[in-house]
Amino acid sequence: MIVCSCNVLSCRQIKGTIAPDGSGPRTAGEAYDCLGCSPDCGRCAREVRALLTEARAACASQCHSCASHDVECAVHVSVGLMMAGLEDNEDRVAA
């Protein structure tokens, strides 16, 4: 769903600014900076902040802040596998 009509930003893009460990932007302006744009009319600011909060809470509710525990949630596992695949591809290209 498009959240910001001015910059054509989707929910997925906004939530994607939050790192798997829960770090990332806290304000709409910071999220826009991460996405390489800036707020225009500002009508979406509340929704953007809500999406950032929701994205942060997702890991905490699934695995109670995996970054501080030994348990890995599915999000962290899938990101780790994706990163390992990228490293493997870089090794193949270099060879």
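The rules behind these values
Residues numbered from 1 in each chain as written. Predicted model: local features only at pLDDT ≥ 70, side-chain atom pairs only at ≥ 80, totals over all residues. Heavy atoms only, no water. Helix = DSSP H or I, 4+ residues; strand = E, 2+ residues; numbered from the N terminus. Contact = heavy atoms within 4.5 Å. Core = buried A, V, L, I, M, F, W, Y, C linked by side-chain atoms within 4.5 Å. Buried < 20%, exposed > 50% of the residue type's maximum accessible area, 1.4 Å probe, protein only. Lys, Arg positive; Asp, Glu negative; His and termini not counted. Salt bridge = Lys/Arg side-chain N within 4 Å of Asp/Glu carboxyl O.

### Here we look at the environment of L9
- Residue position: L9 is located in strand β2 (residues 9-10).
- Along the backbone, L9 and Y32 are 23 residues apart, and their C-alpha atoms lie at a distance of 9.2 Å.
- In contact with L9, other than residues within four places in its own chain, are M1, I2, V3, C4, I14, Y32, L35 and C37.

### Describing the side chain of S10
- Here S10 shows up in strand β2.
- Among residues more than four places away in sequence, those in contact with S10 are M1, I2 and V3.

### Thoughts on the nonpolar core
- Residues V3, L9, I14, Y32, C44, V48 and L52 are the most contacted members of the largest nonpolar core, which totals 16 residues.
- Residue assignment for this core shows that the elements contributing at least two residues are β1 (2-4), α1 (11-15), α2 (28-34) and α3 (45-63).
- At 5 residues, α3 tops the list of elements feeding residues into this core.
- If near-sequence neighbours (up to four positions away) are discounted, C44 is found in contact with V3, C4 and Y32.

### Details of the environment of A28
- Take A28: it is sitting in helix α2.
- Expressed as a C-alpha distance, the spacing of A28 and P39, which sit 11 residues apart in the sequence, is 7.8 Å.
- Excluding anything up to four places from it in sequence, A28 contacts A45, V48, R49 and L52.

### Considering the side chain of R56
- Topologically, R56 is positioned in helix α3.
- This buried residue, R56, is left without a salt bridge; E30 holds the nearest opposite charge, at 6.3 Å.
- In contact with R56, not counting residues within four places along its chain, are I18, G22, S23, G24, P25 and R26.

### Remarks on the pattern of salt bridges
- The full count for this structure, using the stated rule, is 1 salt bridge.
- In this structure, K15 engages E54 in a salt bridge whose closest nitrogen and oxygen atoms are separated by 2.7 Å. Here the residue K15 occupies a position in helix α1, and E54 occupies one in helix α3, the gap between them amounting to 39 residues.
- Accessibility expressed as a relative area gives 43% for E54, which makes it partly exposed.

### Focus: the environment of P39
- Among the secondary structure elements, P39 is positioned in the loop between α2 and α3.
- Judged by its relative accessible area of 44%, P39 falls in the partly exposed class.
- In the structure, P39 is positioned 33 residues away from C6 in sequence and 7.8 Å away in space, judged by C-alpha atoms.
- P39 has contacts with N7 and Y32, leaving out every residue within four places of it along the chain.

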